[in-house]
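Structural description and commentary
Below are the chains, spelled out letter by letter.
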Amino acid sequence: ISQIFQKFTGHSFNDYLTECRINQAKFLLIHTAASIKEIADECGFSSYIYFVGRFRECVGMSPGNFRIQNQ
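Note that the structure is predicted; figures quoted are calculated from it, not measured.

Our focus in this paragraph is helix 2 (residues 13-31). Given a rise of 1.5 Å per residue, 19 residues ought to cover 27 Å, and the 27 Å separating the end C-alpha atoms of helix 2 matches this to within 8%. Three or more residues of helix 2 are buried, namely Thr 18, Ile 22, Ala 25, Leu 28 and Leu 29. When helix 2 is viewed along its axis, its buried side chains cluster within an angular range of 125° and face the same direction. Tucked inside the fold, the buried residues of helix 2 contact helix 3 (36-42), helix 4 (48-59) and helix 5 (63-69).

So, in structure tokens, the structure goes:
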């Protein structure tokens, strides 16, 4: 199934899932006052530290900076 998914989407399932989680986190950072830790939990990340690292890797800035720049 993973090979079929990658063939049709161009992404691995894990990369796709992370992208969906990051997009949801971006929405929550802009539209809620929830803490970054709460957002990490709500978006399904295993830990706050992992979330911040993946967010920075995907978006190019920390979740806190993203929130500040988009308010």
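Another aspect to go through is the packing of aromatic side chains. Inspection of the entire model under this criterion finds six aromatic pairs. Summarising the aromatic geometry, the rings of Phe 5 and Tyr 16 are spaced 5.4 Å apart at their centres and angled 65° between planes, so their arrangement reads as edge-to-face. With a gap of 11 residues between them, Phe 5 in helix 1 (residues 2-9) and Tyr 16 in helix 2 connect regions that are remote in the sequence. The structure contains a cluster of three or more aromatic residues connected by ring pairs, namely Phe 45, Tyr 50, Phe 51, Phe 55 and Phe 66. Between Arg 21 and the ring centre of Phe 45, over which it is positioned, the NZ or CZ distance is 6.0 Å.

Next up on the list: the nonpolar core. Counting residues in each nonpolar core, the largest one holds 13 residues, and the members touching the most others are Ala 25, Leu 29, Ile 39, Cys 43, Phe 45, Phe 51 and Phe 55. Those elements that provide at least two residues to this core are helix 2, helix 3 and helix 4. In terms of residue count, helix 2 provides more of this core than any other element does, four residues in total. Among residues more than four places away in sequence, those in contact with Cys 43 are Arg 21, Gln 24, Ala 25 and Leu 28.

Pairing is possible between side chains that carry opposite charge, provided their charged atoms lie close to one another. In total, this model carries two salt bridges according to the counting rule given. Between Asp 41 and Lys 37 there is a salt bridge, with its nearest N and O atoms 3.4 Å apart. Residue Asp 41 and its partner Lys 37 are located together in helix 3, separated by four residues, close to a single helical turn. With a closest N to O distance of 2.6 Å, Arg 54 and Glu 57 form a salt bridge. Of this pair, Arg 54 and Glu 57 both sit in helix 4, three residues apart, which is roughly one turn of the helix.

Here is what the cut-offs are and how they apply
Residues numbered from 1 in each chain as written. Predicted model: local features only at pLDDT ≥ 70, side-chain atom pairs only at ≥ 80, totals over all residues. Heavy atoms only, no water. Helix = DSSP H or I, 4+ residues; strand = E, 2+ residues; numbered from the N terminus. Expected span 1.5 Å × (residues − 1). Buried < 20%, exposed > 50% of the residue type's maximum accessible area, 1.4 Å probe, protein only. Arc of directions from axis to C-beta. Contact = heavy atoms within 4.5 Å. Phe/Tyr/Trp six-rings, centres within 6.5 Å; stacked < 30°, edge-to-face > 60°. Lys NZ or Arg CZ within 6 Å of the ring centre and 35° of its normal. Core = buried A, V, L, I, M, F, W, Y, C linked by side-chain atoms within 4.5 Å. Salt bridge = Lys/Arg side-chain N within 4 Å of Asp/Glu carboxyl O.

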